[in-house]
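Listed below, chain by chain, are the residues.
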Amino acid sequence: QVQSVESGGGLVQAGDSLTLSCAASGQRFSSTSMGWFRQAPGQEHEFVAGISWNSVRTYYQDSVEGRFAISRDNAKNAVYLQMNSLKPEDTAVYYCAPANLGTRQYAPLLGSWGQGTQVTVSS
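Residues numbered from 1 in each chain as written. Predicted model: local features only at pLDDT ≥ 70, side-chain atom pairs only at ≥ 80, totals over all residues. Heavy atoms only, no water.

(A) Representation of the nonpolar core in the model. Counting 25 residues, the largest nonpolar core has Trp36, Leu81 and Tyr94 as the members making the most contacts within it. Among the elements of the structure, strand E3 (18-25), strand E4 (34-39), strand E5 (46-51), strand E7 (68-73), strand E8 (78-83), strand E9 (92-100) and strand E12 (117-122) are those that each provide at least two residues to this core. Counting residues per element, this core draws most heavily on E3, which supplies four residues. Ignoring sequence-local partners within four residues, the contact set of tyrosine 94 consists of Glu6, Leu20, Trp36, Phe37, Arg38, Val48, Phe68, Leu81, Met83, Gly116, Thr117 and Val119. In terms of nonpolar packing, the next biggest core, distinct from the first, is built from five residues, Phe37, Phe47, Ala97 and Ala99 among them. (Core = buried A, V, L, I, M, F, W, Y, C linked by side-chain atoms within 4.5 Å. Buried < 20%, exposed > 50% of the residue type's maximum accessible area, 1.4 Å probe, protein only. Helix = DSSP H or I, 4+ residues; strand = E, 2+ residues; numbered from the N terminus. Contact = heavy atoms within 4.5 Å.)

See the structure below:
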């Protein structure tokens, strides 16, 4: 299974940028589609962005399209989320985990997310 450790979150002002990092372990990481998910207070986990194993395909939630960019480096077992033009509604705990890119959902049989990293955007 793929296991993830997220980092890079913080408290920023609207319009600022952050880069989130996901350090993944697991022998099948390089063949696994990965995604970023987030959970805002009182809300369910939601899909933010996903990337195929070879970075050929990427997918984004409509609300972050054009502002966020997901990438990966299989040699480093890492996934990144570049977050630009942050908005208060982006405030959430962000998680990295295996993803089904067709359904835009977490793929629990392939791994698990970590503790997440908090992103707080003030207005």
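(B) Structural detail: the packing of aromatic side chains. Scanning the model with the defined rule gives four aromatic pairs in all. Plain terms: the ring middles of phenylalanine 37 and phenylalanine 47 are 5.9 Å apart, the flat faces sit at 75° to each other, and that makes the pair edge-to-face. Note that phenylalanine 37 is positioned in strand E4 and phenylalanine 47 in strand E5, a separation of 10 residues in sequence. You'll find phenylalanine 37 and phenylalanine 47 in the same group, each marked buried. For the ring pair tyrosine 95 and tryptophan 113, a centre distance of 5.4 Å and an interplane angle of 40° mean the geometry is tilted. Taken together, the positions of tyrosine 95 in strand E9 and tryptophan 113 in the loop between strand E11 (111-112) and E12 put the pair 18 residues apart, joining distant regions of the chain. Residue tryptophan 113 is classed as partly exposed on the basis of its relative accessible area, which comes to 24%. What links up through ring pairs into an aromatic cluster is the set Phe37, Phe47, Tyr95, Tyr106 and Trp113. (Phe/Tyr/Trp six-rings, centres within 6.5 Å; stacked < 30°, edge-to-face > 60°.)

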